[in-house]
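# Notes for the structure review
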Amino acid sequence: MTELDDAGATEWAVPGQVGVGPWAGPLPDDPCYDPELLAAGDRRNVVDRYRYWRREAVVADLASRAHPFHVAIENFGHDHNIGTVVRTANAFAAAGVHIVGRRRWNRRGAMVTDRYQTLHHHGDAAALRTWAGERGLPIVAVDNTTGAVRLEETTLPRECVLLFGQEGPGLTDVAREAASTLVSIAQFGSTRSINAGVAAGIVMHAWVSAHADLGSAW
């Protein structure tokens, strides 16, 4: 596939460097590689495995390595955290990200990772429930409300949809009703809630800790 299979990104070891320059040496003939990137250099935010790869090749490889959990987040107020959730879902190789509510969302925090991630849109949580039900995927909603079980005392299903609410109001009533399980994250300070993007990262990492093959991580 590629000669750059080391973990991480090359520029992490070189302060101030962004990406890599033009390919040095004989050009590879693997169709994964992009001729323009080989000639001009690759300044994208990707790990070394995907240096110089065509975007379509990266998307296909990620899909082949994806974990069997999906991430969904309600979008009714153009929440800036959605981009962060998408970026984290990409880092943990989620099978897909589902935007529930408004179709348009703030992509800034995604840091272009949405170009490599399978994205879905649902008009509301009821539509998400229908989609998940057709595929036999339980919905696990995350909110620190009455009736939630501790994430720390729960094993998340291997195949599931992790559903998050937007910053501030949290999950809608329709979203809670669509879920088969409601979990909360243990807190010990004065704040009433954890940032939505941070909460999503914590829950996804809990899934990875329970189910992922760490030998396949970068």
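Residues numbered from 1 in each chain as written. Predicted model: local features only at pLDDT ≥ 70, side-chain atom pairs only at ≥ 80, totals over all residues. Heavy atoms only, no water.

### Quick look at the layout of surface pockets
Quantified by volume, the second largest pocket comes out at close to 390 Å³. Considering the residues around the second largest pocket, the lining is formed by 20 residues, among which Asp143, Asn144, Gly170, Ser193 and Ile194 are closest to the centre. Contributing elements (two or more residues each) for the lining of the second largest pocket: strand S7 (181-184) and helix H6 (196-211). Looking at the lining of the second largest pocket residue by residue, the class counts come to 9 nonpolar, 8 polar and 3 charged. (1 Å grid on protein atoms, 1.4 Å probe; cavity = no way out; pocket = protein on both sides within 12 Å on 5 of 7 lines; lining within 4 Å. Points joined across faces, edges and corners; volume = space filled by probe spheres on them. Helix = DSSP H or I, 4+ residues; strand = E, 2+ residues; numbered from the N terminus. Nonpolar A, V, L, I, M, F, W, Y, C, P; charged D, E, K, R; others polar.)

### Structural notes on H6
In this model H6 runs 23 Å from its N-terminal to its C-terminal C-alpha over 16 residues, within 8% of the 22 Å that 1.5 Å per residue would give. Every buried residue of H6 is listed here: Ala196, Gly197, Ala199, Ala200, Gly201, Val203, Met204, Trp207 and Val208. In this fold, the buried residues of H6 make contact with strand S1 (67-75), helix H3 (81-91), strand S4 (139-142) and strand S6 (160-164). (Expected span 1.5 Å × (residues − 1). Buried < 20%, exposed > 50% of the residue type's maximum accessible area, 1.4 Å probe, protein only. Contact = heavy atoms within 4.5 Å.)

### A closer look at the nonpolar core
Phe69, Val71, Leu162, Phe164, Val203 and Met204 are the most contacted members of the largest nonpolar core, which has 28 residues in total. For this core, the secondary structure elements donating two or more residues are S1, H3, strand S2 (94-101), S4, S6 and H6. With 6 residues, the top contributor of residues to this core is H6. Non-local contacts of Leu162, meaning those with residues more than four positions away in its chain, are made with Phe69, His70, Val71, Ala72, Val140, Leu156, Val203 and Met204. Of all hydrophobic cores here, the second largest spans 16 residues; its members include Ala72, Val161, Leu171 and Ala179. (Core = buried A, V, L, I, M, F, W, Y, C linked by side-chain atoms within 4.5 Å.)

Treat this as a map of the structure, not an account of what it does.
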